[in-house]
Amino acid sequence: MLILITILLLFAAALTLVILRLTRPEFRFTWVIAVAATFLAWITVLLWQTQIPLSFTLLPWQPANLFSTSPSFSADGLSWPYAVSLVTLALAILLTASAREGFSSSFAWAGSITLCGLGLLAVTAANPLTLAMVWAALDLTELIVMLRTVNEREAGERVVAAFSTRAIGIILLILANVVSSASGKTTEFTSIPPQAGLLLLVAAGLRVGVLPLHLPYSSETSLRRGLGTALRLVTASSSLVLLARIPTASLASPLTPFLLVFACIAALYGGWMWMRAPDELTGRPYWLIGLGALAVASALRGDQSGATAWGVALVLAGGALFLTSVQQIWLNRALLIGAWALSTLPFSLTAVGWQTDVSGLTIFLPLLLAAQALIIAGFIRHALRPSTRASLESQPAWARSVYPFGIILMLLVQLILGFWGWDGAMQTGAWIAGLIASLLTLGLLWATPRLPALNPVRAHWVQPTTASRLDRLYQNLWAVYIWFARISQTISTTLEGEGGIMWALLFLILFVSLIVQRKP
Amino acid sequence: MSAPLIWIFTPMIIGGLSFLFFRERTVAAIGGTTSLILAGIALIIPIDEALKIGPISLKIASSAILFGRSLVLTPANAPLLVLVFGMSALWFFGTEAAGVARQLVPYGLIVTALLVASIAVQPFLFAALLIEMAVLVSVPLLSPPDQKPGRGLIRYLIYQTLAMPFILFAGWQLAGVEASPGDLALTVQSTALLGLGFVFLLAIFPLYSWIPQLMEESSPYVVGFLLWILPTIAAIFGMGFLDRYAWLRNSPSLMSGVQVIGLVMLVTGGLWAAFQRDVGRLMAYNTVSETGFILLAIGLTASAGTDLVFLFLIPRGLGLAIWALSLSILKTDDGTHHFKSMQGLARTYPIASGGLTLAALSTTGLPLLAGFPPRLALWEGLAHEDLTMAIWFLVGLLGLLTGAVRMMAVLVTEKEETPWNSKETWVQRAMLGLGMIGLFVLGIFPQVLRPLLDKLPLMFQHLGR
């Protein structure tokens, strides 16, 4: 029931904002209402701790002979940190909005709150059916928001392309559900068979942008930090939560080492591009790819807590950095708590990041540690980067008071989760791996000003370089598509032409004879 | 008062009378209200039972005699009448928004009445004749008198007409099979003839070339209506055969053949949809795939019962109605629905574009939308029987998804900077809005259909039991 209360609070807040905007656009306390409702939701998520594990089911789907499962939600030690990080993100977006341009954009606040509410539904989804439905809701919401926001001529196509990639992720998730059902297992996360486990992994990878490595939106910087951050982080976390749900036994497959290779490549690519990105918003897609790949790698190593740790760090550390829109020296330094959270050192948020390895594939660990170091080095560089952003002191007095709370809240939750509240808290973890990653990070930070290869790429160089390679891939895929389209066109023309009826009858006879041969 | 008088002759008479009205809104209201009332009567007033309202006692007799043939609508048919007339009401109310009320409502009411008669007629073989009559009535609907009939219309008429002799011959031979069940040659002959009849009637691969052609030649809303009602009634007619003849029903080869044909329909429909450059043709191939889904569900009746078939009918009707209405609303410069002409229309027709997108995604089986629950149940049922078929099912879905995504990309890729602006009228917005809400409601709470789904299978005495 508590899950429902939290979610209803968030959706009610979003609905209220929209209604107020439409009926009373001059209403002065919209922001206060949004913050109050989200704060209440945040408190209720903390209260989940008193009753975990908790669950609730929507009305069961009927007829029962056709539907093996119904939409239901549950919260446990692995979904709670995701839940708290998402509600914290929503609250931080509202608090930091006080210092952003276009402050009175209540539609954007409503959008951010709705997305976080949907994210909450995703992280508490108790079975693949529920998760697929929430993913679809998120994708449709993102589609509408992005189409309304972007104005470039070709941006619409990219939005649809991203939607289609995610839709394939949804289909894979449903396929896993179907495979699970076919093998006689109940269609719950706990009973996923091995062949379905890998499908779930690929589904999560497709949705977070890890597998395959795909082009991010170039128009992303045009989005506001608040809504844009909510869009990217909620979508990623709603996908990564799946990694915590896949039973270790379900990933025991001959394909696992190959997928781990892909994950390592993706992590290194993401880390490298993130470290060299000209600014944090340009580098945001690579942040998602890098940390998403580390989460996938943890899942492949059989470490559900580790996968959760990376996913939560992606939201909290990334959220704090991406929401920082004004310059304040102490706040910038405080952001380094995010680097600590990513370090996998004892009692940090990611302490369990490399703790378990049931796959026996330790050979890949050095590559993963290198990727981790690249990500942390990039994080520190972006956090301490001298910026042209406006200073906090130039903001109105009330914004000067409220804005830091948003950032500090994100940082505080990262620290708390290292010690309390979930399965990965209060752990020393694989501290040697953490130490190596930290030393590598220091080495990278030392080498960055000295080695030109490590220096940030200029902003205008980033997109064309990446696009040209991927464009070739897309062009090749398009050529294959056109080839098939021509075949389809030829058959259609034949069947619809003058002699179409004769051709159709001939095909019919062939078809019948084939069926007769198949079933004598 | 008899049931055939209410549900067959009344809509036929009102359909005929509605030719006399000229205002689109009036005609749409007449068609929609008539259908809604007929659905309401079927829902509330029991057939063959006395209903006392104060001092008045009402009883609707189940049968009527016409030219020596019986028309029988039993209490078991009542849920089907609710479904058919309820969905017809939706289509007829939408005619005003689509601008085809004077064209569709009169003929549509008559077609609906004839198809209901095909369910009611006994001996049931005469259904083939009534379906043929409905097809003939639909010809002026598809091609107004001042317009030269296109190739699609002619082919539609040829294929649908060819179905009738095959089914009649099959029925004649089936009587012989009943008399001498051991005659294997007669059994094979009658099955083959019956199969061919339904191949023509349901536009099975490769005999569906008239569907995309018709979509290009005629109003999408009118074609959509026919593509909804004809396969629905034909499928129920086909299930009637399975219910009546145990050897057909219990033949694993036949059921497996129906599944294979369904899969071929789904996969070819999906693959063809992926390569279309015209939204009308895309809709046509989606309806082909929809027929494939229904055939697959019929093939699973031994394990899943008839519930699965009926679960498809309402989402299919709703999705098609939204698709057809949206397509009728979208106005292009050259009057076609080619991708080039439709580029960037999402900015000027956002609600109609949303309707097209949601309808296409519902056919694909995107979760949250009406098409998802039946597809999930069907996919799981297929996977239980044969995992290879489940993989082919996936191929079909991916084809449909590709088509839907391409259409979306065309709609949102603007030619030049155009501000967002809705050109739809309030009636169009209201109809599409309600339809889209319906898609979500059926997608999230499929159990709302349960009262109807519980009763629909009762029209068959043996099938699925």
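Not measured: the values here are computed from a predicted model. (Residues numbered from 1 in each chain as written. Chains lettered and ligands numbered in written order. Predicted model: local features only at pLDDT ≥ 70, side-chain atom pairs only at ≥ 80, totals over all residues.)

**Student:** Honestly, the overall build of chain A in this entry has me stumped. Any pointers?
**Tutor:** The helix and strand inventory of chain A stands at 18 helices and 2 strands. Long-range pairs, those at least 24 residues apart, make up 81% of the contacts in chain A between residues at least 6 apart in sequence. (Helix = DSSP H or I, 4+ residues; strand = E, 2+ residues; numbered from the N terminus. Contact = placed C-beta atoms within 7 Å.)

**Student:** Would you mind going over the overall build of chain B with me for this structure?
**Tutor:** When helices and strands are counted, chain B shows 20 helices and 5 strands. At 22 Å, chain B has a C-alpha radius of gyration in line with the 23 Å of a compact globule built from 465 residues. With respect to the three principal axes, the spread of C-alpha positions in chain B is 75 × 60 × 45 Å. Expressed as a percentage of its 465 residues, the buried residues of chain B come to 63%. Taking as baseline every contact in chain B between residues at least 6 positions apart, the subset at least 24 positions apart corresponds to 79%. (Rg over C-alpha atoms; globule rule 2.2 N^0.38 Å. Buried ≥ 20, exposed ≤ 12 C-beta atoms within 10 Å, placed from the backbone.)

**Student:** Teacher, can you tell me more about the environment of Trp 7 of chain B here?
**Tutor:** Residue and element names in this part refer to chain B. Turning to its location among the elements, Trp 7 is positioned in helix H1 (residues 3–17). With 30 C-beta atoms counted inside 10 Å, the residue Trp 7 sits in the buried group. Look past the residues within four positions of Trp 7 in its chain and what remains in contact with it is Leu 38, Ala 42, Leu 73, Leu 81 and Val 116.

**Student:** Sorry if this is basic, but what is going on with the interface of chain B and chain A here?
**Tutor:** As a measure of interface size, the accessible area lost when the parts come together is often cited. Taken together, the contact between chain B and chain A spans 46 residues of the former and 41 residues of the latter. When residues of the side of chain B that touches chain A are traced back to their parent elements, those giving at least two are helix H6 (151–179), helix H11 (252–274), helix H14 (307–329), helix H17 (372–385), helix H18 (387–412) and helix H20 (450–455) of chain B. A per-element tally of the side of chain B that touches chain A places H18 of chain B first, with 9 residues. Split into classes, the residues belonging to the side of chain B that touches chain A amount to 32 nonpolar, 9 polar and 5 charged. (Nonpolar A, V, L, I, M, F, W, Y, C, P; charged D, E, K, R; others polar.)

**Student:** Would you take a moment to explain the environment of Ala 370 of chain A for this structure?
**Tutor:** Residues and elements named next belong to chain A. For Ala 370, the location among the structural elements is in helix H14 (residues 365–384). When the 19 C-beta atoms within 10 Å are taken as the criterion, Ala 370 is described as partly exposed. Separated by 99 residues in sequence, Ala 370 and Gly 271 have C-alpha atoms that sit 8.6 Å apart. In this view, Ala 370 contacts Leu 268 and Leu 440; residues no more than four positions away in its chain are not counted.

**Student:** Could you clarify how one ought to interpret helix H16 (residues 350–364) of chain B in this entry?
**Tutor:** Because an α-helix packs 3.6 residues into every turn, residues spaced three or four apart end up facing the same way. Residue and element names in this part refer to chain B. The end-to-end C-alpha distance of H16, which contains 15 residues, comes to 21 Å, matching closely the 21 Å that a straight helix rising 1.5 Å per residue would cover. Burial runs high along H16: 14 of the 15 residues are buried. Where H16 terminates, the next one or two residues include Gly 365, which has phi positive at roughly 95°. (Expected span 1.5 Å × (residues − 1).)

**Student:** Even after reading the chapter, I still don't get unusual backbone geometry, so can you show me in this structure?
**Tutor:** A negative phi holds for most residues other than glycine; trans holds for most peptide bonds. Cis geometry marks the peptide bond from Gln 122 of chain B to Pro 123 of chain B, where omega comes out at 0°. Mapped onto the secondary structure, Pro 123 of chain B falls in the loop between strand S5 (121–122) and helix H5 (127–142). Cis geometry marks the peptide bond from Phe 205 of chain B to Pro 206 of chain B; its omega dihedral reads 5°. Along the chain, Pro 206 of chain B falls in the loop between helix H7 (184–201) and helix H8 (210–217). We note that Met 426 of chain A has phi near 55°; this positive angle belongs to a residue other than glycine. By the element assignment, Met 426 of chain A lies in the loop between helix H15 (397–417) and helix H16 (431–447). Note on Met 426 of chain A: 12 C-beta atoms within 10 Å, which makes it exposed. Look at Leu 368 of chain B: it is not a glycine, yet its phi comes out positive at around 90°. As for its position among the elements, Leu 368 of chain B is in the loop between H16 and H17. Given 22 C-beta atoms within 10 Å, Leu 368 of chain B falls into the buried group.

**Student:** What should I look at first to understand the confidence of the model for chain A in this one?
**Tutor:** Detailed reading of predicted coordinates is not advised where the pLDDT is low. Across chain A, pLDDT averages 84, with 90% of residues at or above 70. Predicted confidence is poor over residues 210–222 of chain A, with pLDDT under 50, and the contacts of this stretch with residues over four places away or in other chains come to 33 contacts. (pLDDT = per-residue confidence, 0-100.)

**Student:** Looking at this structure, I do not really get helix H1 (residues 2–23) of chain A. What am I missing?
**Tutor:** Residue and element names in this part refer to chain A. With 22 residues, H1 ought to run about 32 Å at 1.5 Å a step, and its terminal C-alpha atoms sit 31 Å apart, in line with that. For H1, the set of buried residues is Ile 3, Thr 6, Ile 7, Leu 9, Leu 10, Ala 13, Ala 14 and Leu 17. Each buried residue of H1 lies within a common arc of 155° when the element is viewed along its axis, so the set occupies one face. Turned more than 90 degrees away from the buried face of H1, the exposed residues are Ile 19, Leu 22 and Thr 23. Looking at the buried side of H1, the elements it contacts are helix H2 (30–47), strand S1 (54–57), strand S2 (72–75), helix H3 (79–96) and helix H4 (106–123). (Arc of directions from axis to C-beta.)

**Student:** Quick question: what am I supposed to make of the packing of H1 of chain A against H4 of chain A here?
**Tutor:** The angle between the axes and the distance between the axes are what describe a pair of packed helices. Residues and elements named next belong to chain A. Two numbers describe how H1 lies on H4: the axes approach to 9 Å, and their chain directions differ by 160°. Accordingly, the angle class assigned to the pair H1 and H4 is roughly antiparallel. With respect to the hand of their crossing, H1 and H4 are arranged in left-handed fashion. Residues Thr 6, Ile 7, Leu 10, Phe 11, Ala 13, Ala 14, Leu 17, Val 18, Leu 20 and Arg 21 of H1 touch H4, and the partners they reach there are Ser 106, Phe 107, Trp 109, Ala 110, Ile 113, Thr 114, Cys 116, Gly 117, Leu 120 and Leu 121. (Axes fitted to C-alpha atoms, helices over the stretch in contact; angles between N-to-C directions. Parallel < 35°, antiparallel > 145°, perpendicular 65-115°, else oblique. Left-handed = near helix turned anticlockwise from the far one by under 90°.)

**Student:** I keep staring at the nonpolar core and nothing clicks. Help me out?
**Tutor:** It is characteristic of soluble globular proteins that their nonpolar side chains tend to be buried jointly. Counting residues in each nonpolar core, the largest one holds 362 residues, and the members touching the most others are Ala 83, Leu 86, Val 87, Cys 116, Leu 200, Ala 263 and Ala 313 of chain A. No other element matches the 17 residues that helix H9 (residues 220–244) of chain B contributes to this core. Here Cys 116 of chain A is in contact with Leu 10, Leu 86, Val 87, Leu 89, Ala 90, Ala 230 and Val 234 of chain A, once residues within four sequence places are set aside. (Core = buried A, V, L, I, M, F, W, Y, C linked by C-beta atoms within 7 Å.)

**Student:** Quick question: what am I supposed to make of the domain arrangement of chain B here?
**Tutor:** Residues and elements named next belong to chain B. Per the domain assignment, the segments of chain B are domain 1 (1–122) and domain 2 (251–465). Put simply, the middle of domain 1 and the middle of domain 2, counted by C-alpha atoms, are 27 Å apart. Counting residues at the interface gives 15 residues for domain 1 and 15 residues for domain 2. Here the side of domain 1 that touches domain 2 is composed, by residue class, of 11 nonpolar, 3 polar and 1 charged. (Domains from an automatic or database assignment.)

**Student:** Explain the environment of Val 202 of chain A here, please?
**Tutor:** All names here are of chain A. In this fold, Val 202 is placed in helix H7 (residues 194–208). Under the C-beta neighbour-count criterion, Val 202 is labelled buried, with 22 such atoms within 10 Å. On a C-alpha basis, the gap between Val 202 and Leu 227 in space is 27 Å, while along the polypeptide they are 25 residues apart.

**Student:** What is the right way to look at the pairing of strand S3 (residues 63–66) of chain B in this model?
**Tutor:** Residues and elements named next belong to chain B. In this sheet, strand S4 (residues 69–72) lies alongside S3 in antiparallel orientation, the contact comprising 4 bridges. Bridge pairing links Ser 63 to Val 72 in S4. With antiparallel pairing between neighbouring strands as the criterion, S3 and S4 make up a hairpin whose turn holds 2 residues, including Phe 67 at a positive phi of roughly 50°. (Pairing = 2+ DSSP bridges.)

**Student:** What is the right way to look at the sheet that holds S3 of chain B in this model?
**Tutor:** Hydrogen bonds along the backbone pair up the strands of a sheet, which may run parallel or antiparallel. In spatial order, the strands read S3-S4-S5 (chain B); together these 3 strands make up an open sheet with antiparallel pairing. Either end of the sheet is taken by a strand with one partner, and the two such strands are S3 and S5 of chain B.

**Student:** How do you make sense of the pairing of strand S2 (residues 56–59) of chain B when you look at a structure like this?
**Tutor:** A regular strand carries its side chains on alternate faces of the sheet. Note that strand S1 (residues 50–53) of chain B and S2 of chain B share 4 bridges and pair antiparallel. Across the sheet, residue Ile 53 of chain B finds its bridge partner in S2 of chain B, namely Ile 56 of chain B.

**Student:** When you look at the packing of H6 of chain B against H7 of chain B in this model, what are you seeing that I'm missing?
**Tutor:** Residues and elements named next belong to chain B. The N-to-C vectors of H6 and H7 enclose an angle of 155°; their axes lie 7 Å apart at closest approach. Accordingly, the angle class assigned to the pair H6 and H7 is roughly antiparallel. For the pair H6 and H7, the crossing hand works out as left-handed. Facing H6, whose interface residues are Tyr 159, Gln 160, Leu 162, Ala 163, Phe 166, Ile 167, Phe 169, Ala 170, Gln 173, Leu 174, Gly 176 and Val 177, H7 presents Leu 186, Thr 187, Gln 189, Ser 190, Leu 193, Leu 194, Leu 196, Gly 197, Phe 200 and Leu 201. Residue composition of the contact of H6 with H7, grouped by class: 15 nonpolar, 7 polar and no charged.

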